Amino acid sequence: MKKGEGGGGGEGGRVTKISTFPSDSGRPRALHRPPLRGATARAPPVPPAPSIPSRSQSSMPVWGYTKTTGPHTWSVYYPAAGGQKQSPIDLVPEKAEQAGEIAPLSYHYRSDACTRVTNTGQGWKLLIGTTDPVVGRPSTNLRSLLGEVQGGPLNSTFKLEQIHAHWGKHDAEGSEHRVEGKAYPCEVSVEGFFLGALGRFRSRASSCDGCGAFESSGLKVLRAIHLVHWDSDKFGSFAEAAGAEGGLTVLGVFVEVGDENSEFAKIIQILDSIPHKGDTTDLEPVNPSNFLPGGQYWTYEGSLTTPPCSETVNWILFKNPITASSEQLSAFRAMKSQAAGEECSHDEFEGRVLRNFRPPMPLCGRTVRECA
Ligand SMILES: [Zn+2]
């Protein structure tokens, strides 16, 4: 496996390599203490239980989305998760600053940019590659040719690294970024797969150019997909950029229930081939452009939404959603979170990827800008 491939479930492919707690059963043990927001490895308020490895050990503990491994525990082992520039956030359109005149956001991708997909144990991840002209099979070595984004609020060119999604266990949960979404999840009645955001859109949003899809008198369940890029002007690799301020750019696209999504169909078609964590297979090439709706977007400085939660991400969140059918949106929950041959985890998810979202984090004085 190449660096940055298949080892993690979220934005930080390189840095989310998972190892498990040492335990007799081979399964990770539960964390029996509350999360330590802002804690450092040097002076944790509560001494670790004997079964929990210290940060001095080479292997980091498993992280996930269950009661014992979920986002509320991450800052114990990943201090950045307790920082002041964390993602996702709750987006409040009325409070967004108008960006005014800025360069247009520009992105282009080859239609065959994604030819491989992997089960990370926390969802699927599209790997960036194309057919190697020499060996005649997909090669991620050519990824730099395959897609990039620049312009808008960005001061560099960012290469596409990977694409993934987030979802929830049922229709009352699942959002990462939300749009005025605090109190809404429990009102939702739409089938509950979730890739990103959930919220209510006011008439102000629906009056904007290109925001017609947001016109709604009530609540909509929205999902999102994340396209992860790294700054190839300043850095030599994704791994290098992932640790540097502003080194990454993630494009977030909300998805709502509606017409079938042609790109999701390609992924669902091969899901049976990657039931377990670590499984990887070829698929009909996915065109990243088909995930992007264009139009207005919000932008702010934030973090990876998965450990190590590095605060190195320029977030660009398109206002316009794309659609997928409810059948498509429920298919991903059948994925398994353990590797083949690994004992089924005895948690509330019973070894399925039923939930893989982080809830909104405090804005902490950051500015969200609205761009045309
Ligand atoms: Zn993500």
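Cut-offs used in this document
One numbering rule holds for all chains: residues counted from 1, following each sequence as written. The model is predicted, so local features are restricted to residues of pLDDT at least 70 and side-chain atom pairs to those at 80 or more, both for listing and for counting; the totals for chains, interfaces and linings are taken over all residues. Only DSSP runs of H or I with at least four residues qualify as helices, and only runs of E with at least two residues qualify as strands; both kinds are numbered from the N terminus onward. To sort residues by exposure, count the other C-beta atoms lying within 10 Å of each residue's C-beta; 20 or more gives buried, 12 or fewer gives exposed, and values between give partly exposed, all with C-beta atoms placed from the backbone. Note on contacts: each residue gets a C-beta atom placed from the backbone, and two residues are in contact if those atoms are within 7 Å. One confidence number per residue, pLDDT, is output by the predictor and ranges from 0 to 100. By construction, the arc corresponds to the directions joining the helix axis to the C-beta atoms. Only strands joined by at least two bridges in the DSSP assignment are considered to pair.

Draft legend 1. The overall build of the protein, seen in detail. If you tally the helices and strands in the protein, you get 5 helices and 17 strands. Out of the 372 residues belonging to the protein, those deemed buried represent 49%. The long-range fraction of contacts in the protein, counting pairs at least 24 apart against all pairs at least 6 apart in sequence, stands at 70%.

Draft legend 2. Representation of the environment of glycine 82 in the model. Its location among the elements puts glycine 82 in the loop between α1 (74-77) and β1 (90-91). What makes glycine 82 partly exposed here is the crowd of 18 C-beta atoms within 10 Å. Taking C-alpha positions, glycine 82 is 9.6 Å from histidine 72, a pair spaced 10 residues apart along the chain.

Draft legend 3. Structural context of the confidence of the model for the protein. Looking at the protein as a whole, the pLDDT averages 74, with 66% of positions reaching at least 70. For the stretch residues 1-8, pLDDT sits under 50, and the model shows 27 contacts to residues farther than four places along the chain or on other chains. Residue range residues 182-221 is modelled with pLDDT below 50. Its contacts to residues more than four positions away, or to other chains, number 112 contacts.

Draft legend 4. Here's a closer look at unusual backbone geometry. Omega for the bond connecting serine 87 with proline 88 falls within 30 degrees of zero, at 5 degrees, which places this linkage in the cis form. Looking at the element boundaries, proline 88 is found in the loop between α1 and β1. Here the amide bond leading from proline 307 into proline 308 is cis, since omega sits at 10 degrees, within 30 degrees of zero. Considering the arrangement of structural elements, one finds proline 308 in the loop between β15 (297-302) and β16 (313-324). For glutamate 350, which is not glycine, the phi torsion reads 55 degrees and is therefore positive.

Draft legend 5. Fine view of helix α4 (residues 262-269). What α4 keeps buried is the set Glu263, Phe264, Ile267 and Ile268. Down the axis of α4, the buried set is contained in an arc of 140 degrees. They therefore lie on one face. Opposite the packed face of α4, turned more than 90 degrees from it, sit the exposed residues Ser262 and Gln269. In this structure, the buried side of α4 is in contact with β4 (114-119), β5 (124-128), β14 (280-286), β16 and α5 (326-331).

Draft legend 6. The pairing of β4, seen in detail. In terms of residue burial, β4 counts as a mostly covered element, since 6 of its 6 residues are buried. One ladder, built from 5 bridges, connects β4 with β5; its direction is antiparallel. Within β5, the residue paired with asparagine 119 across the bridge is tryptophan 124. Where β4 folds back onto β5 in an antiparallel hairpin, the turn is made up of 4 residues, including glycine 121, whose phi is positive at roughly 90 degrees. Pairing of β4 with β14 involves 4 bridges; the strand directions are antiparallel. Residue pairing across strands places threonine 118 opposite threonine 280, the latter belonging to β14.

Draft legend 7. Layout of the environment of threonine 312. Of note, threonine 312 is situated in the loop between β15 and β16. The residues contacting threonine 312, other than those within four sequence positions of it, are Ala242, Gly243, Ala244, Glu245, Gly246, Gly247 and Leu248.

Draft legend 8. Just the environment of alanine 244, in detail. Considering the arrangement of structural elements, one finds alanine 244 in the loop between α3 (238-242) and β13 (248-257). Its 14 C-beta neighbours within 10 Å are what place alanine 244 among the partly exposed residues. Taking the C-alpha atoms as reference, alanine 244 lies 8.3 Å from glutamate 311; in sequence the two are 67 residues apart. Leave out the neighbours within four places in its chain, and alanine 244 touches Phe235 and Thr312.

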